[in-house]
Amino acid sequence: MSKSGICDLANFSSLEWCDIAPHLSCEIRTALEHVLEAQDGAVLSREQSLLLANAEGDDLPGLLVAANELRRDLVGNIVTYVVNRNINFTNICFVGCKFCAFSRGPREPDTYFRSLEQVAAKAVEARNLGATEVCIQGGLPHGLPPFYYRDILRAVKRAVPGMHIHAFSPMEIVYGVELTGMPLDDYLRMLRENGLDTLPGTAAEILDDDVRFILSRNKLSTEQWKQVIRTAHCAGIRSTSTLMYGHVESPAHWVNQLLLLREIQKETCGFTEFVPLGFVHQNTLLFHQGIARPGPTFAEHLKIHALSRILLAGAINNVQVSWVKLNKPLSQLCLHAGANDYGGTLMEENISREAGATAGQYTSPQEFQSLILEVGRIPAERNTTYTRINIKVPGDQFIFEQAPEPEFA
Ligand code: SF4
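Residues numbered from 1 in each chain as written. Predicted model: local features only at pLDDT ≥ 70, side-chain atom pairs only at ≥ 80, totals over all residues. Heavy atoms only, no water.

Enquirer: How do you make sense of the overall build of the chain when you look at a structure like this?
Expert: Counting secondary structure elements, the chain contains 16 helices and 11 strands. Taken against the 2.2 N^0.38 rule, which gives 22 Å for 409 residues, the C-alpha radius of gyration of the chain at 21 Å falls within 12% of a compact globule. Dimensions along the principal axes, computed over C-alpha positions, put the chain at roughly 60 × 50 × 40 Å. Of all 409 residues assigned to the chain, the portion counted as buried reaches 59%. Looking at the chain alone, contacts between residues at least 24 apart form 75% of all its contacts between residues at least 6 apart. (Helix = DSSP H or I, 4+ residues; strand = E, 2+ residues; numbered from the N terminus. Rg over C-alpha atoms; globule rule 2.2 N^0.38 Å. Buried < 20%, exposed > 50% of the residue type's maximum accessible area, 1.4 Å probe, protein only. Contact = heavy atoms within 4.5 Å.)

Here's what the structure looks like:
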């Protein structure tokens, strides 16, 4: 018998719900059965959500197996990925987040700032390599030309009109508002008119101001994050949603954030997906100053994917595993714990690599397909908003297309 009871945590993926259910504590089993029946996380009380977030022993594999069942019921056996390219147009940043090893002060020797022409050239290269999306984010340098974010959009759309631009974190949006003096709503609508398609729901980390103060004193507040996201959704700009785990936060913070995201989704329907982002600690001040634990444990990685599947069920049904933060075998296990999306090929990942991640800067579509087939699921390339999905089984020319969600209006 292992520490976690009837199964070693690494072997949970071979269990079915009927194998594990009799071994669970009464409250956890009741809560999970309730969600499995309703296929909706809204049926859980906050207390039940907290119980699930603190599950251990046999309850933990029970949570993972239930999340896997729920994933199968809600989104089937397809695992999606998007062919995209990351473009971090500058690493100069004045914000000083303690979990970030990517940013540089303006006088450091290895700073860079990409011109509009260079950003556009990267988008052209991405298109030529089959990308449908560019993900553009960067540091926040003092003295950025006020309309630089708008000008990036113009330059990319001029070079590759059909490219989906997924760009600018809520922190960058707040900076853009400050630089231009425009009202937030007008600013977002101006960006949309100039080519902004969707927004990364990053800069969320943990949406609790006490935790945010520890992670980064200069970062936008929880209220500002919510305001940017709600205003963007209302302006027709959908976004992803994220949570960074494995540093100073507790399971109660996970629950609060997932419930908050559910609440916003109920109002706006603007989130396309949820992405748990494991803290990569190795090269960060947050870890070296002894403030944070050394990243998530194996159990936490699995638990957060399962918990998000369960709490968000019926509200945000796409749960992404961030392969850049995890090794490939662990990312595959997360696909058994509730995740249904592998994220992007990225082509040029910098942020996690500089913090100490070793998963690489690029995962090719062929590698995604192999990883997905290895876990017995069906690989499919998607667009950014999951409205177009093409099944990609190597050696098989058959391509099936479907629109699993209505277009966001
Ligand atoms: S996370 Fe973003 S805002 Fe914070 S220091 Fe790094 S680049 Fe700057």
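Enquirer: Honestly, the pairing of strand E9 (residues 378–382) in this entry has me stumped. Any pointers?
Expert: The two faces of a sheet get side chains in turn, since along a regular strand they alternate between them. Summarising burial for E9: four of the five residues are buried, a large majority. Alignment of strand E1 (residues 78–82) against E9, held across four bridges, turns out to be parallel. Bridged to Val79 within E9 is Pro379. As defined by bridge partners, E9 adjoins strand E10 (residues 389–391) across three bridges and the pair is classed as antiparallel. Bridge assignment links Ala380 to a residue of E10, and that residue is Ile391. Where E9 hands over to E10, the hairpin turn is made up of six residues, of which Tyr386 adopts a positive phi near 65°. (Pairing = 2+ DSSP bridges.)

Enquirer: Explain the site of the ligand to me, please; I cannot follow it from the model alone.
Expert: Taken together, the neighbourhood of the ligand is formed by Cys93, Val95, Gly96, Cys97, Phe99, Cys100, Phe102, Ser103, Gly139 and Lys219. Each residue belonging to the shell around the ligand can be placed in one class, and the counts come to six nonpolar, three polar and one charged. (Near = heavy atom within 4 Å. Nonpolar A, V, L, I, M, F, W, Y, C, P; charged D, E, K, R; others polar.)

Enquirer: Help me understand the packing of aromatic side chains in this model?
Expert: Aromatic ring pairs are reported here in terms of the distance separating the ring centres and the angle at which the planes meet. Enumeration over the complete set of coordinates arrives at nine aromatic pairs. With 5.2 Å between their ring centres and 25° between their planes, Tyr81 and Phe368 make a pair best called stacked. Placement of the pair is Tyr81 in strand E1 and Phe368 in helix H16 (residues 365–374), with a sequence separation of 287 residues. With relative accessibility at 0%, the residue Tyr81 sits in the buried group. In this structure Phe368 comes out as buried when scored by relative accessible area, which is 0%. Ring plane angle 75° and centroid distance 6.4 Å describe the contact between Trp323 and Phe368, whose orientation is recorded as edge-to-face. (Phe/Tyr/Trp six-rings, centres within 6.5 Å; stacked < 30°, edge-to-face > 60°.)

Enquirer: I keep staring at helix H5 (residues 116–128) and nothing clicks. Help me out?
Expert: Each α-helix winds once per 3.6 residues, and so residues spaced three or four apart point in a common direction. The terminal C-alpha atoms of H5, which comprises 13 residues, lie 19 Å apart, in line with the 18 Å expected from a rise of 1.5 Å per residue. For H5, every residue scored as buried is listed here: Val119, Ala120, Lys122, Ala123 and Ala126. The buried residues of H5 occupy an angular sector of 155° when projected down its axis, which confines them to one face. For H5, exposure combined with an orientation more than 90 degrees from the buried face picks out Glu117 and Asn128. Tucked inside the fold, the buried residues of H5 contact strand E2 (84–88), strand E3 (133–137) and helix H6 (148–159). (Expected span 1.5 Å × (residues − 1). Arc of directions from axis to C-beta.)

Enquirer: Would you take a moment to explain the nonpolar core for this structure?
Expert: One recurring pattern in soluble globular proteins: nonpolar side chains tend to sit buried together. In terms of nonpolar packing, the biggest core is built from 117 residues, with Leu52, Ile136, Phe168, Ile310 and Tyr342 touching the most fellow members. Ignoring any residue separated from it by four or fewer positions in sequence, one finds Leu52 in contact with Ile28, Ala31, Leu32, Leu44, Leu63, Lys303, Leu307, Ile310 and Leu311. (Core = buried A, V, L, I, M, F, W, Y, C linked by side-chain atoms within 4.5 Å.)

Enquirer: Help me understand the side chain of Ser241, please; the structure alone is not making it clear to me.
Expert: Considering the arrangement of structural elements, one finds Ser241 in strand E6 (residues 238–245). If near-sequence neighbours (up to four positions away) are discounted, Ser241 is found in contact with Gly201, Leu261, Phe271, Glu273, Phe274, Val275 and Ile316.

Enquirer: Would you take a moment to explain the pattern of salt bridges for this structure?
Expert: Pairs can form between side chains of opposite charge whenever their charged atoms are close. Following the criterion strictly, the structure yields 21 salt bridges and no others. For Arg104, the salt bridge is made with Asp110, and the minimal N-O distance between the two is 3.0 Å. Residue classification places Arg104 among the buried residues on the basis of a relative accessible area of 13%. A salt bridge links Arg230 to Glu267; its shortest N-O distance comes to 2.7 Å. Taken together, the residues Arg230 in helix H10 (residues 222–234) and Glu267 in helix H11 (residues 251–268) connect sequence positions 37 residues apart. Take Arg230: its relative accessible area is 22%, and that puts it in the partly exposed class. The network of salt bridges with shared partners includes Arg85, Lys122, Glu125 and Glu348. (Salt bridge = Lys/Arg side-chain N within 4 Å of Asp/Glu carboxyl O.)

Enquirer: It is not clear to me how the environment of Ala339 should be interpreted in this structure. Could you clarify?
Expert: Considering the arrangement of structural elements, one finds Ala339 in the loop between helix H14 (328–335) and strand E8 (341–344). A residue is classified by how much of its surface remains accessible, and Ala339, at 0% relative accessible area, is buried. For the pair Ala339 and Val319, spaced 20 residues apart in sequence, the C-alpha to C-alpha distance is 4.8 Å. The residues contacting Ala339, other than those within four sequence positions of it, are Arg71, His305, Arg309, Val319, Val321, Cys334 and Arg377.

Enquirer: In this structure, what is going on with the packing of helix H4 (residues 59–75) against helix H13 (residues 298–312)? I would like to understand it.
Expert: Relative placement of two packed helices is described by the angle separating their axes and the distance separating the axes. Two elements in contact, H4 and H13, have axes separated by 8 Å at closest approach and are oriented at 45°. Judged on the interaxial angle alone, H13 and H4 are oblique. Seen from above, H4 lies across H13 with left-handed handedness. Contacts from Leu60, Leu63, Leu64, Ala66, Ala67, Leu70, Arg71, Leu74 and Val75 in H4 reach Ala299, Leu302, Lys303, Ala306, Leu307, Arg309 and Ile310 in H13. Across the contact of H4 with H13, the residue classes tally to 13 nonpolar, no polar and three charged. (Axes fitted to C-alpha atoms, helices over the stretch in contact; angles between N-to-C directions. Parallel < 35°, antiparallel > 145°, perpendicular 65-115°, else oblique. Left-handed = near helix turned anticlockwise from the far one by under 90°.)

Enquirer: Would you explain the environment of Glu348 in this entry?
Expert: In this fold, Glu348 is placed in the loop between E8 and helix H15 (351–355). We classify Glu348 as buried; its relative accessible area is 17%. Taking the C-alpha atoms as reference points, Glu348 and Leu371, separated by 23 residues in sequence, lie 20 Å from one another. In contact with Glu348, not counting residues within four places along its chain, are Arg85, Asn86, Asn88, Lys122 and Gln361. Polar contacts involving the side chain of Glu348 include one to the side chain of Arg85, which spans 2.9 Å. Here the side chain of Glu348 touches Lys122 through a polar contact of 3.1 Å, side chain to side chain. (Polar contact = N/O pair within 3.5 Å; in protein donor to acceptor, adjacent residues only side chain to side chain.)

This is a description of form; function is not addressed.
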